[in-house]
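# Topology and contacts: notes
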Amino acid sequence: MKDKEKCNIHVMPPTITDSDIVALFNGIMSVMKRKVELDARAEIIKTNLTNERLLTQLKEKTAECNRLKNEIIYLKSQLKSESV
């Protein structure tokens, strides 16, 4: 039986052309642009939700202030009527 000789085969990758590099770069830029757009959209949505929550709280606090103001007016009128 013959000893098999060890044979190393090297497969060379195909050459990369300028158009391949440009296509890869454009693909990466497209992905990055989309990510920035989605991040900006998420930030706008977050800001809108925060704004809506703050407006709701403002309405609640305004209603509470009006209620307290009316309570003060009522108590002052009661105090005046008792002192007369």
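Throughout what follows, the structure given in this document is the object of discussion. (Residues numbered from 1 in each chain as written. Predicted model: local features only at pLDDT ≥ 70, side-chain atom pairs only at ≥ 80, totals over all residues. Heavy atoms only, no water.)

All right, on to the overall build of the chain then. When helices and strands are tallied, the chain shows one helix and zero strands. By its C-alpha atoms, the chain is 130 × 40 × 10 Å across when sized along the principal axes. Sorting the 84 residues of the chain into buried and exposed places 0% on the buried side. As displayed, the chain offers around 8,800 Å² of accessible surface, 63% of which is attributable to carbon and sulfur atoms. (Helix = DSSP H or I, 4+ residues; strand = E, 2+ residues; numbered from the N terminus. Buried < 20%, exposed > 50% of the residue type's maximum accessible area, 1.4 Å probe, protein only. Areas by Shrake-Rupley, 256 points an atom, 1.4 Å probe, with all protein chains shown as cover.)

With that settled, consider the pattern of salt bridges. Applying the stated criterion across every chain yields a total of three salt bridges. Glu 37 serves as the salt-bridge partner of Arg 34, at 3.5 Å between the closest nitrogen and oxygen. With Arg 34 and Glu 37 both in helix H1 (residues 18-83), this residue pair falls three residues apart, about one helical turn. Take Arg 34: its relative accessible area is 42%, and that puts it in the partly exposed class. Judged by relative accessible area, Glu 37 falls into the partly exposed class, the value being 37%. (Salt bridge = Lys/Arg side-chain N within 4 Å of Asp/Glu carboxyl O.)

What follows covers the environment of Ile 9. Inspection of the secondary structure assignment puts Ile 9 in the segment before H1. Along the primary structure Ile 9 and Tyr 74 are separated by 65 residues, whereas in three dimensions their C-alpha atoms are 98 Å apart.

Here we come to the environment of Met 12. Counting through the fold element by element, Met 12 comes out in the segment before H1. Along the sequence, Met 12 and Leu 49 sit 37 residues apart, while their C-alpha atoms lie 55 Å from each other.

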